[in-house]
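This is what each chain is made of:
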Amino acid sequence: MLTNFPLLNSDKTEVFLLGPRVARSNLSDYMVTLDGLSVSSSTAVKDLGVIIDSSLSFDAHVDNITRIAFFHLRNISKIRNILSLHDAEILVHAFVTSRLDYCNALLSGCSIRNINKLQLVQNAAARVLTRTRRYDHITPILSILHWLPLKSRINYKILLLTYKALNGLAPQYLSDLLVLYDPPRLLRSKDAGYLTVPRIVKATAGGRAFAYRAPRLWNSLPISVRDSDTVSVFKSRLKTYLFTQAYPD
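Residues numbered from 1 in each chain as written. Predicted model: local features only at pLDDT ≥ 70, side-chain atom pairs only at ≥ 80, totals over all residues. Heavy atoms only, no water.

Engineer: Would you mind going over the overall build of the protein with me for this structure?
Structural biologist: Secondary structure assignment for the protein yields 10 helices and 5 strands. Among the 249 residues that make up the protein, the fraction classed as buried is 37%. Expressed as a percentage of contacts within the protein between residues at least 6 apart in sequence, the contacts between residues at least 24 apart total 60%. When the accessible surface of the protein is totalled, it reaches about 15,600 Å², and 57% of it is carbon and sulfur. (Helix = DSSP H or I, 4+ residues; strand = E, 2+ residues; numbered from the N terminus. Buried < 20%, exposed > 50% of the residue type's maximum accessible area, 1.4 Å probe, protein only. Contact = heavy atoms within 4.5 Å. Areas by Shrake-Rupley, 256 points an atom, 1.4 Å probe, with all protein chains shown as cover.)

Engineer: How do you make sense of the nonpolar core when you look at a structure like this?
Structural biologist: Soluble, globular proteins show a tendency: their nonpolar side chains are buried together. If you look at the biggest cluster of nonpolar residues, it comprises 53 residues, and the most contacted ones within it are Trp147, Phe234 and Leu238. Listing elements by their share of this core, those giving two or more residues are β5 (50-53), α2 (59-79), α3 (85-101), α4 (112-130), α5 (139-145), α6 (150-166), α8 (210-219) and α10 (231-246). (Core = buried A, V, L, I, M, F, W, Y, C linked by side-chain atoms within 4.5 Å.)

Engineer: Would you mind showing me how to read the pairing of β5 here?
Structural biologist: Side chains on a regular strand alternate between the two faces of the sheet. Here β5 shows no split at all, with Val50 and Ile52 on one side and Ile51 and Asp53 on the other all buried. Bridge count between strand β4 (residues 44-47) and β5: 4 bridges; the pairing is antiparallel. What sits directly across from Val45, in β5, is Ile52. Counting the residues that bridge the hairpin from β4 to β5 gives 2 residues, and of these Leu48 lies at a positive phi of roughly 55°. (Pairing = 2+ DSSP bridges.)

Engineer: How should I be thinking about the side chain of Thr97 in this particular structure?
Structural biologist: Relative to the elements of secondary structure, Thr97 occurs in helix α3. Residue Thr97 is classed as buried on the basis of its relative accessible area, which comes to 3%. Look past the residues within four positions of Thr97 in its chain and what remains in contact with it is Val92, Trp147 and Arg153.

Engineer: Would you mind going over the packing of aromatic side chains with me for this structure?
Structural biologist: What describes a pair of aromatic rings is the distance from one ring centre to the other and the angle between the planes of the rings. Summed over all chains, the structure comprises 3 aromatic pairs. Aromatic ring contacts, followed pair by pair, group Tyr163, Trp218 and Phe234 into a single cluster. (Phe/Tyr/Trp six-rings, centres within 6.5 Å; stacked < 30°, edge-to-face > 60°.)

Engineer: Would you mind going over the packing of α3 against α4 with me for this structure?
Structural biologist: Where α3 meets α4, the closest approach of the two axes is 10 Å, and the angle between their N-to-C directions is 170°. Classified by the angle between their axes, α3 and α4 sit roughly antiparallel to one another. Two secondary-structure elements touch here, α3 through Leu85, Ala88, Glu89, Val92, Val96 and Leu100 and α4 through Leu118, Val121, Gln122, Ala125 and Leu129. Split into classes, the residues belonging to the contact of α3 with α4 amount to 9 nonpolar, 1 polar and 1 charged. (Axes fitted to C-alpha atoms, helices over the stretch in contact; angles between N-to-C directions. Parallel < 35°, antiparallel > 145°, perpendicular 65-115°, else oblique. Nonpolar A, V, L, I, M, F, W, Y, C, P; charged D, E, K, R; others polar.)

Engineer: Is there a simple way to think about α8 in this case?
Structural biologist: At 3.6 residues per turn, the α-helix brings residues three or four places apart onto the same side. Restricting attention to buried positions, one finds in α8 the residues Phe210, Tyr212, Ala214, Pro215, Leu217 and Trp218. Contacts from the buried residues of α8 go to α6, α7 (172-175), α9 (223-226) and α10.

Engineer: How should I be thinking about the packing of α2 against α4 in this particular structure?
Structural biologist: Relative to each other, α2 and α4 sit at 10°, their axes nearing to 10 Å. Considered as vectors, α2 and α4 are oriented roughly parallel to each other. Contact with α2, carried on its side by Asp59, Val62, Asp63, Ile65, Thr66, Ala69, Phe70, Leu73, Ile76 and Ser77, involves Arg113, Asn114, Lys117, Leu118, Leu120, Val121, Ala124, Ala125 and Val128 of α4 and no other residues of that element. Looking at the contact of α2 with α4 residue by residue, the classes come out as 12 nonpolar, 3 polar and 4 charged.

Engineer: Would you take a moment to explain the pattern of salt bridges for this structure?
Structural biologist: Opposite charge on two side chains lets them pair, provided their charged atoms get close. On inspection of all chains with the given rule, the structure shows 3 salt bridges. The partner of Lys117 in a salt bridge is Asp63, with the nearest N and O atoms 2.6 Å apart. Remark: Asp63 occurs in helix α2 and Lys117 occurs in helix α4; sequence separation between them is 54 residues. By relative accessible area, which is 22% here, Lys117 ends up partly exposed. Looking at Asp63, the relative accessible area reads 34%, which means it is partly exposed. (Salt bridge = Lys/Arg side-chain N within 4 Å of Asp/Glu carboxyl O.)

Engineer: Looking at this structure, how should I read the layout of surface pockets?
Structural biologist: In this approach, a probe sized like a water molecule rolls over the atoms, and the result shows the empty space that is left. Put simply, the second largest pocket is a space of about 240 Å³. Along the walls of the second largest pocket sit 15 residues, with Ile112, Ile115, Asn116, Leu150 and Lys151 positioned nearest its centre. Listed by contribution, the elements that provide at least two residues to the lining of the second largest pocket are α4 and α6. When the residues that make up the lining of the second largest pocket are grouped by side-chain class, the tally is 7 nonpolar, 6 polar and 2 charged. (1 Å grid on protein atoms, 1.4 Å probe; cavity = no way out; pocket = protein on both sides within 12 Å on 5 of 7 lines; lining within 4 Å. Points joined across faces, edges and corners; volume = space filled by probe spheres on them.)

This is how it looks when you write it as structure tokens:
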């Protein structure tokens, strides 16, 4: 860096440690020296609007989303009576659901606690939009709005990335993580478009990796969805499938 004259900004440079909790606790005061600049380790850093913590739990990120989303929902609810349904829906999508969908693929496999927190935000957004009472059952409302629940929205993003990776529409590093299933014997599943699911040691870490989550979700899709000819057709069929799974009635 010194040869090309760029300098690190101490106010914008952050370092954090990844690994087992015991190892991280032993290195809580770890210092890194880069080009003469000493940077102490942090418990969490923000990258492109996503708060990444050292345990990859995304607790801080989810808490930040819920805090901001409820702030906007409170403001929207104050003026909901003077808004049409169309205008209110635009505000809700602009300030709330867009935050729920932003980089949500990172939340695949995260704790049920965090998923439930985000689901509460979506439920509240649906209540504000449709003026549904607090204690009314929200599932029929979400179905009428044609909103996929949070877990399905995350799976939708993972599966869309998988489809693009398999068809040369995604970065190569994602395509390299997917391996077509090739059984040693001639089986009916050989040409079914399945992906190989790698073995993992720990579900808390390896179970959340794209190389593991993507094949598992992809193999669970019906062949009519996997064999879509274009991205637009795949997105339509995928949403229909996930919708029927989320709202079977």
